[in-house]
Amino acid sequence: MSIFSKIAAGEIPSYKCAESDKFYAFLDINPVAKGHVLVIPRREVDYIFDMEDQEIAEFQVFAKRVAKALKTAFPCKKVAQVVLGLEVPHAHIHLIPMNTEGDVDFRREKLQLTPEEFTEIAAKILAEFR
C-alpha cells in the first residue's frame, strides 16, 4: 500500500482540503507555494494514464472543483496543474496557485510552514470546496 493510499485511508495524518468517495485532496508537506495541494484517486494506481477513461474524467472534474476552491481561498491568476513525480507509486495531480510561471518551479527551495499554518490553509480550501 502506497503512502498516499494510507493518507487517503486516514492511516497517516494529512491536511485534508477536499474529498469524495473516489478522490482525496490534501496539502503537500513540501510545498512550492502556499496552498500547494495534491489530488489523488483513492484507488491505488501508479500511473495516471493507466486509469480507465471514466475514472480519469472524474478525477479531472474533482481536481477542477478543488482548483476553484483553491483559487477562491488563495486569489491568484491561475491554478497550475502538474502531473509528475516518480517517488510515490500513486497517481497524483499537483495544484499550485500561481501568478507567474516561476511559482511552479519545483527546483526552488520549498516553503517551511508550521502545523498551524498548514491547518489554516487546509481549512480555508476545505471551506471553499464545500
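Residues numbered from 1 in each chain as written. Predicted model: local features only at pLDDT ≥ 70, side-chain atom pairs only at ≥ 80, totals over all residues. Heavy atoms only, no water.

What exactly am I supposed to notice about empty space enclosed by the protein here?
Taking a probe equal in size to a water molecule and rolling it over the atoms shows the remaining empty space. Counted under the stated rule, the structure contains one cavity of 30 Å³ or more. The volume enclosed by the largest cavity comes to roughly 30 Å³. Contributing to the lining of the largest cavity are Leu 27, Asp 28, Pro 31, Ala 33, Gly 35, His 36, Leu 113, Phe 118 and Ile 121. (1 Å grid on protein atoms, 1.4 Å probe; cavity = no way out; pocket = protein on both sides within 12 Å on 5 of 7 lines; lining within 4 Å. Points joined across faces, edges and corners; volume = space filled by probe spheres on them.)

Help me out: how do you make sense of the layout of surface pockets in this one?
When its volume is computed, the largest pocket comes out at roughly 380 Å³. Only α1 (3-8) and β2 (23-27) provide two or more residues apiece to the lining of the largest pocket. Looking at side-chain class alone, the lining of the largest pocket contains 13 nonpolar, six polar and three charged residues. As a volume, the second largest pocket reaches approximately 200 Å³. Taken together, 13 residues line the second largest pocket, and the ones lying closest to its centre are Asp 46, Tyr 47, Ile 48, Leu 84 and Gly 85. (Helix = DSSP H or I, 4+ residues; strand = E, 2+ residues; numbered from the N terminus. Nonpolar A, V, L, I, M, F, W, Y, C, P; charged D, E, K, R; others polar.)

Help me understand the side chain of Ser 5, please; the structure alone is not making it clear to me.
Take Ser 5: it is sitting in helix α1. In this structure, Ser 5 is in contact with Glu 44 and His 90, ignoring residues within four places of it in sequence. (Contact = heavy atoms within 4.5 Å.)

Whenever I open this one, the state of the cysteines confuses me. Can you help?
Each disulfide consists of one covalent bond between the sulfur atoms belonging to two cysteines. Using the criterion set out here, one finds zero disulfides in the structure. Not part of a disulfide, Cys 17 finds its nearest cysteine sulfur in Cys 76, a span of 14 Å. Owing to a relative accessible area of 10%, Cys 76 belongs among the buried residues under this scheme. (Disulfide = S-S within 2.5 Å. Buried < 20%, exposed > 50% of the residue type's maximum accessible area, 1.4 Å probe, protein only.)

How should the pairing of strand β5 (residues 93-98) be read in this particular structure?
A regular strand places its side chains so that they alternate between the two faces of the sheet. Here β5 lies mainly inside the structure; six of its six residues are buried. As judged from the three bridges shared by strand β3 (residues 37-41) and β5, these two strands associate in the antiparallel manner. Across the sheet, the residue bridging to Val 39 is Ile 93, located in β5. Note that strand β4 (residues 78-82) and β5 share five bridges and pair antiparallel. Residue Lys 78 lies in a different strand from β5, and its bridge partner there is Met 98. (Pairing = 2+ DSSP bridges.)

Whenever I open this one, the packing of helix α2 (residues 53-73) against helix α3 (residues 115-129) confuses me. Can you help?
Two elements in contact, α2 and α3, have axes separated by 8 Å at closest approach and are oriented at 120°. One finds that α2 runs oblique with respect to α3. Between α2 and α3 lies a crossing of right-handed hand. The residues of α3 that touch α2, namely those facing Phe 62, Arg 65, Val 66, Ala 69, Leu 70, Thr 72 and Ala 73, are Lys 124, Ile 125, Glu 128 and Phe 129. (Axes fitted to C-alpha atoms, helices over the stretch in contact; angles between N-to-C directions. Parallel < 35°, antiparallel > 145°, perpendicular 65-115°, else oblique. Left-handed = near helix turned anticlockwise from the far one by under 90°.)

How should the sheet that holds β5 be read in this particular structure?
Where strands meet in a sheet, backbone hydrogen bonds hold them as pairs that are either parallel or antiparallel. Reading across the sheet, the five strands line up as β1-β2-β3-β5-β4 and stay open at both edges, with antiparallel pairing between neighbours. Edge positions in the open sheet fall to β1 (16-19) and β4, since each of these has one partner strand only. Within this sheet the neighbouring strands show an average axis-to-axis angle of 20°, counted without direction. Each of β1, β2 and β3 touches α3; the most contacted strand, β1, lies at about 25° to it.

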